[in-house]
Amino acid sequence: MKFRPLHDRVVVKRLEGEEKTKGGIIIPDSAKEKPQEGEVVAVGPGARDESGKLVALDVKAGDRILFGKWSGTEVKIDGQDLLIMKESDIMGVVG
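Residues numbered from 1 in each chain as written. Predicted model: local features only at pLDDT ≥ 70, side-chain atom pairs only at ≥ 80, totals over all residues. Heavy atoms only, no water.

**Structural notes on the pairing of strand 6 (residues 73–77)**
Thought 1: With five bridges connecting them, strand 6 and strand 7 (residues 80–86) associate as antiparallel partners. What sits directly across from Thr 73, in strand 7, is Ile 84.
Thought 2: What sits between strand 6 and strand 7 in their antiparallel hairpin is a turn of two residues, with Asp 78 showing a positive phi close to 50 degrees. (Pairing = 2+ DSSP bridges. Helix = DSSP H or I, 4+ residues; strand = E, 2+ residues; numbered from the N terminus.)

Take a look at the structure:
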């Protein structure tokens, strides 16, 4: 199945968090926080401004991004756990 987000929405794949603390303690799955870093999988065409002109998004597929802890809606597409969020939920691009 191919998925294309609409408007200013972005599909993000979470990047896995650390398995150990800096001191070497292994963190169990139940205690891990969900990572707030991800890779953009797909982007919509953009939002329209007041005059109806299409405003393209600043992120593109392949970008590594940081987003808020509670951002996005979790979905499963083709067996992958993904997030769909608006571009405004993205805090910035890493690297």
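Now, onward.
**Re the sheet that holds strand 2 (residues 37–43)**
Thought 1: Taken together, the six strands give an open sheet; going across it, the order is 6-7-1-2-5-8, and neighbouring strands pair in antiparallel fashion. Each edge of the sheet is formed by a strand with only one pairing partner; in this case those strands are strand 6 and strand 8 (90–94). Sheet twist, expressed as the mean angle between neighbouring strand axes with direction ignored, is 45 degrees.
Thought 2: The pairing of strand 1 (residues 9–14) with strand 7 spans four bridges and is classified as antiparallel. For Arg 9, the partnering residue across the bridge sits in strand 7 and is Lys 86. (Axes fitted to C-alpha atoms, helices over the stretch in contact; angles between N-to-C directions.)

**A few points about a nonpolar patch on the surface**
Thought 1: Judged by side-chain polarity, Leu 66, Met 91 and Val 94 come together as a nonpolar surface patch covering roughly 280 Å² of accessible area.
Thought 2: Judged by its relative accessible area of 64%, Met 91 is exposed. (Patch = residues over 30% accessible without salt bridge, like charges linked within 9 Å, V, L, I, M, F, W, Y side chains within 5 Å. Areas by Shrake-Rupley, 256 points an atom, 1.4 Å probe, with all protein chains shown as cover. Salt bridge = Lys/Arg side-chain N within 4 Å of Asp/Glu carboxyl O. Buried < 20%, exposed > 50% of the residue type's maximum accessible area, 1.4 Å probe, protein only.)

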